[in-house]
Each structure stands twice: as structure tokens, then as C-alpha cells.
Amino acid sequence: MLKYHRLIIAFSLVFLALLAISPASEFIIWAVGLLIFIFISIIAIGAASMRYQIFVSAYTQAGIADKRIALTFDDGPGEKTTAVLALLQKYGAKATFFCIGKNAEKYPLVLKQIHEQGHIIGNHSYAHQHIFNLFGSQRMAREIDKTGTIIEKLIGAKPLLFRPPHGVTNPPTARAVRRLGLQVVGWSIRTYDTVRSVNETLIRKITAKIRPGSVILLHEHMESSEVLLEGILKFVAENDYACVGVDELFKIKAYAQA
Ligand SMILES: [Zn+2]
């Protein structure tokens, strides 16, 4: 049972207990109001962070002791992906790319290049709309599956790993991934590379958080993507870490059987 369902049961029980104790009083109005406020707060936090696994079971941090981590790149493929691939090759690192379907249609050769260089390709929706999380589960599933089919046509394998746009999950997301048989992958280290300017301080802040089993969220289309990546890869090399795909890190399957 998901935490979301357990939460609903727990809050319903508390609600009924309150009614039983004091069916009509000023206390009950305040208590129910507080209960609703706490419930909505938990739901909002759960929707924004996969770490709490409120709506879906998500892979965010591997419980391992050896020094392996996963670098993950969202929102590609794009014009800058090739430069990122060259850096990964230079440092002998493997990564996971959560690709947007319409970008895969625009840059099919780049998508193939990612696969040919031994990196993992995951699904990151078709168009990455801001309102993706307002869609019903059927529309979500359609968009996700459309991307899966586009990727399958290009690399001969359909991704089983999905990262929700903006990292937001809710009950429709849970239903969509269950229907498609996908696993959700989140992250344990957010770099904020789309909003912060990259400098030595930021790289130090990010690398200070790295530990065995970390999953780092990156984007390959930013102006400073290569600077940030090289900073992380240097730390990884100097500290004897290895960068592997999320499938290897969590021992999960990246693609459906052909
Ligand atoms: Zn994204």
C-alpha cells in the first residue's frame, strides 16, 4: 500500500475519532481545520518531492556501501548532448538520460549516439508541459507511451524507467506508470543547474553531498552544463567513485524485453 493510501486511512481514522469524542463543539472545528491543513501540507510536500514516496515508489538513493553513483541528465537530447557525451567518455563514466519524446524526434541521431556509447535512456514525457501534472492518468500514459515508442524505434528497446517532468508526482502519475509497467526514478542530489550560475562554490556544495548510491540530477542543455559536469567528474575520479547507469545502481531493468 502506498503512503498516500495509508495517509488517507490514518487521517480518516483521526477524523472519526475526533467526531466520536466531541461531535459538535468549537474544539472540533479547530481540530478538523488543523487536520485538513496538515493533510494538504503533507500532500503538497509529497507531490513536490519523490524522496518521500507519497504517491509513487521512486528510486532516489541506493542503499549501497561501495563508491558508485548515478549521473542523470534530463530534458535532452539536444544540441549540447554530444559535448556532454564526450566528457563522459573522457572520464570513463556512464550516465542515464531521461529524454523528452519531441526532442528525440528532433535529434534522433543524438539519441542513438547516447545509446551506442553505453548510456541508459529513460522516458521523461513527450512534451514536458508545465501542466503535465494536471493531466488525467490516461493522457499522461498516452504521452509517456508515445515517447517510449519513439525511443524504441530509434534504439530498438523501450525504456522501463520514467522520470516525471519537474519531479512532481500525484495519483494520476501513479496510475499511469502502473498501467505502463514503468519504474519511477528520482534523485538524491539536486544541482539546481537550471537556476543557479555554475562556479567553484556550487561545484563544491554539490560534490560535498556525494556518497555511495547518490543519484545526481543534471541537465545537458544549460550554458554551463559541461563546466558543472567536469567539476563533478573530477571529484568522482579523485575520490575513486564510479559513475554507473541507474539500472546498475538499483539493480533494475532499463528496457522492456524486445
Ligand atoms: Zn525535465
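What you see is a predicted model, and the numbers here were worked out from it, not measured in a lab. (Residues numbered from 1 in each chain as written. Predicted model: local features only at pLDDT ≥ 70, side-chain atom pairs only at ≥ 80, totals over all residues. Heavy atoms only, no water.)

Each helix and strand in the chain was counted, giving 10 helices and 9 strands. Projected onto its principal axes, the C-alpha coordinates of the chain cover approximately 70 × 40 × 30 Å. The buried share of the chain, reckoned over its 258 residues, is 50%. Residue pairs at least 24 apart in sequence account for 76% of intrachain contacts in the chain once pairs closer than 6 positions are excluded. Accessible surface, the chain: about 12800 Å² in total, of which carbon and sulfur atoms supply 59%. (Helix = DSSP H or I, 4+ residues; strand = E, 2+ residues; numbered from the N terminus. Buried < 20%, exposed > 50% of the residue type's maximum accessible area, 1.4 Å probe, protein only. Contact = heavy atoms within 4.5 Å. Areas by Shrake-Rupley, 256 points an atom, 1.4 Å probe, with all protein chains shown as cover.)

Attention shifts here to the domain arrangement of the chain. Interfaces are often sized by the amount of accessible area the parts lose when they come together. Considered domain by domain, the chain is made up of domain 1 (3-48) and domain 2 (58-250). Measuring from the centre of the C-alpha atoms in domain 1 to the corresponding centre in domain 2 gives 37 Å. Contact with domain 1, which involves 4 residues of that partner, is made by 4 residues of domain 2. Note on domain 1 versus domain 2: buried area summed over both sides is about 280 Å², and carbon and sulfur give 47% of it. Contact with domain 2 buries area across many residues of domain 1, yet Tyr4, Ala47 and Ala48 alone supply 88% of it, more than any other trio. Across the contact surface, domain 1 and domain 2 share 0 salt bridges. For the interface between domain 1 and domain 2, the tally reads 0 residue pairs in polar contact (both at pLDDT 80 or more). The residue makeup of the side of domain 1 that touches domain 2, split by class, is 3 nonpolar, 1 polar and no charged. (Domains from an automatic or database assignment. Buried area = accessible area lost by both parts, 1.4 Å probe. Salt bridge = Lys/Arg side-chain N within 4 Å of Asp/Glu carboxyl O. Polar contact = N/O pair within 3.5 Å; in protein donor to acceptor, adjacent residues only side chain to side chain. Nonpolar A, V, L, I, M, F, W, Y, C, P; charged D, E, K, R; others polar.)

Each aromatic ring pair is specified by the distance between its two centres and by the angle formed by the two planes. All chains considered together, the criterion is met by 5 aromatic pairs. Residues Phe11 and Phe39 carry aromatic rings whose centres are separated by 5.1 Å and whose planes lie at 70° to one another, so their mutual orientation is edge-to-face. Residue Phe11 is found in helix α1 (residues 3-21), and its partner Phe39 is found in helix α2 (residues 26-48); the two are separated by 28 residues along the sequence. For Phe11, a relative accessible area of 14% gives the class buried. The side chain of Arg139 reaches across the aromatic face of Phe135, ending 3.8 Å from its centre. (Phe/Tyr/Trp six-rings, centres within 6.5 Å; stacked < 30°, edge-to-face > 60°. Lys NZ or Arg CZ within 6 Å of the ring centre and 35° of its normal.)

Here we take up a nonpolar patch on the surface. A cluster of nonpolar side chains, namely Phe15, Leu16 and Leu19, defines an oily patch on the protein surface of about 250 Å² accessible area. Relative to the elements of secondary structure, Phe15 occurs in helix α1. Since its relative accessible area comes to 32%, Phe15 is described here as partly exposed. (Patch = residues over 30% accessible without salt bridge, like charges linked within 9 Å, V, L, I, M, F, W, Y side chains within 5 Å.)

For the zinc ion, the full set of protein donor atoms is Asp75 (OD), His124 (NE2) and His128 (NE2), at a range of 2.1 Å. In primary sequence terms, the donor set of the zinc ion follows D-x48-H-x3-H. One end of the pair, Asp75, is in the loop between β2 (68-74) and α3 (81-90); the other, His124, is in the loop between β4 (120-123) and α6 (137-155), with 49 residues separating them in the sequence. A single burial state applies to Asp75 and to His124, both of which are buried. (Donors = N, O, S within 2.8 Å, 3.2 Å for Na, K, Ca; no water.)

The next subject is the environment of Leu18. Following the sequence through the fold, Leu18 ends up in helix α1. Once residues within four sequence positions are removed from consideration, Leu18 is found in contact with Phe27, Ile28, Ala31 and Leu35.

The next point concerns the side chain of Ser137. Among the secondary structure elements, Ser137 is positioned in helix α6. Among the polar contacts listed, one links the side chain of Ser137 to the side chain of Arg179, at a separation of 3.4 Å.

Moving on: the pattern of salt bridges. Counted according to the given criterion, the structure contains 7 salt bridges. Across the salt bridge formed by Arg163 and Asp74, the nearest N and O atoms sit 2.8 Å from each other. Here Asp74 lies in strand β2 and Arg163 lies in the loop between β5 (161-162) and α7 (171-180), a separation of 89 residues in the sequence. Here the two residues Arg163 and Asp74 agree in accessibility, since each one is buried. Through salt bridges with shared partners, a single network forms among Asp66, Arg68 and Glu248.

Right, let's get into α2. If you check α2, its first and last C-alpha atoms are 34 Å apart, about what 23 residues at 1.5 Å a residue would give, namely 33 Å. Among the residues of α2, those classed as buried are Ile28, Ala31, Val32, Leu35, Ile43, Gly46 and Ala47. In this fold, the buried residues of α2 make contact with α1. (Expected span 1.5 Å × (residues − 1).)

Looking now at the pairing of β2. Burial within β2 is extensive, with 7 of its 7 residues counted as buried. Neither face of β2 is left uncovered, since the one carrying Arg68, Ala70, Thr72 and Asp74 and the one carrying Ile69, Leu71 and Phe73 both have all their residues buried. In the sheet, β2 pairs with strand β9 (residues 242-243) via 2 bridges, with the strands oriented parallel. The residue of β9 that forms the bridge with Ile69 is Cys243. Strand direction decides the pairing type here: β2 and strand β3 (residues 95-99), joined by 4 bridges, are parallel. Paired with Thr72 across the bridge in β3 is Thr96. Handedness of the crossover joining β2 and β3 through α3: right-handed. (Pairing = 2+ DSSP bridges. Right-handed = clockwise from strand over helix to strand, strands pointing away.)

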